[in-house]
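Chain residues, written in single-letter form:
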Amino acid sequence: MHEGQVIVVTGAASGIGRASAQLMAARGAKVVVVDFQREAGEETLRLIEDNGGTGIFIQADVSKAADVQEYLEQTIKTFGHIDVLFNNAGVLQTFSQFEDIDESHFDKIINVNLKGVFLGMKHALKIMNEQGYGNIINTASTTGIRAEHSLAAYTASKHGVIGLTKAAAIEYVKKGIRVNAICPGGVATAITAGVPEQLLETGYVPDEFPNMRMGRYAEPEELAAVVSFLASEGSSYMTGSVLLADGGLTL
Ligand code: NAD
């Protein structure tokens, strides 16, 4: 990443998104903090500004096309261009056996985790294609490359994110646009706070839980460092890559 780089981070009110927004800003980027949580999103912006960084907050639901167009329009209006979209907002499914997943819950997981990523990519790619450059980083998960027990909808959504990543990487490889995905394993964020209890309720506790293979969850900052690398010129030959940062979980 470079001084003055404009990066949009969705799901930036918390966890991996907030840590990434803070790291990018500390490294000189102008950050567009996007989240549907207003108070926590504004808090991310305040943390950035208190540290001498620059950014704006835009409240948006990533699963709504109008909101996505709005956050991108605001980005261009404020900063003139967009270098990086970090498509990161996501929700965790309630752990449950496949046959017990409510249709409405399935729709919600797919709408946020898959359609939200699709919409961000679709509208950002149009702008980036006109610019002749751009960089998209999608947050998938280890469940994007293998199944996780009792998480069928989430697993499907994250497999889809990897599909979208590869599809766009092929189409835009000669247009100056790179598209990559990260696959965290377990990260200590709001999303995983209730997981140990839920696993006990389902009666299924994989060997790796709750301590993961490294004996701990990742800190969000450890994922932010990977995002920062993908946003930088250091990853200039990488597109369509699916980067595991899972503490060895999938070994
Ligand atoms: P988090 O709950 O701390 O942060 C997620 C953020 O996304 C929240 O601020 C939330 O308000 C926002 N968000 C949710 N739905 C939204 C919507 N419709 N529109 C706008 N914003 C929305 O969780 P996190 O762990 O930082 O998750 C970030 C990403 O990482 C997610 O895509 C998640 O699936 C993925 N992930 C997390 C883990 C983990 O163990 N924490 C593992 C693998 C993948």
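It should be noted that the structure appears before, not after, this text.
It should be emphasised that the depicted structure is a prediction, and the values quoted were computed from it without experimental measurement. (Residues numbered from 1 in each chain as written. Predicted model: local features only at pLDDT ≥ 70, side-chain atom pairs only at ≥ 80, totals over all residues. Heavy atoms only, no water.)

### Description of helix 1 (residues 15–26)
Okay, so step 1: Here helix 1 contains twelve residues, and its C-alpha end-to-end distance of 17 Å stays within 8% of the 16 Å for a straight helix at 1.5 Å per residue.
Okay, so step 2: With nine of its twelve residues buried, helix 1 lies for the most part within the structure.
Okay, so step 3: In the core, the buried residues of helix 1 are packed alongside strand 1 (6–10), strand 2 (30–35), helix 2 (38–50), strand 4 (84–87), strand 6 (177–184) and helix 7 (220–231).
Okay, so step 4: Looking one or two residues past helix 1, Gly28 carries a phi angle of roughly 105°, positive in sign. (Helix = DSSP H or I, 4+ residues; strand = E, 2+ residues; numbered from the N terminus. Expected span 1.5 Å × (residues − 1). Buried < 20%, exposed > 50% of the residue type's maximum accessible area, 1.4 Å probe, protein only. Contact = heavy atoms within 4.5 Å.)

### A few points about the site of the ligand
Okay, so step 1: Taken together, 29 residues lie near the ligand, and Ser14, Asp35, Tyr154, Val187 and Thr189 sit nearest.
Okay, so step 2: In this structure, an oxygen atom belonging to the ligand sits 3.5 Å away from a main-chain N or O atom of Gly15.
Okay, so step 3: Separating an oxygen atom of the ligand from a backbone N or O atom of Ile16 is a distance of 2.8 Å.
Okay, so step 4: Every element with two or more residues in the shell around the ligand is listed here: helix 1 and helix 5 (152–172).
Okay, so step 5: When grouped by side-chain class, the residues that make up the shell around the ligand number 14 nonpolar, twelve polar and three charged. (Near = heavy atom within 4 Å. Polar contact = N/O pair within 3.5 Å; in protein donor to acceptor, adjacent residues only side chain to side chain. Nonpolar A, V, L, I, M, F, W, Y, C, P; charged D, E, K, R; others polar.)

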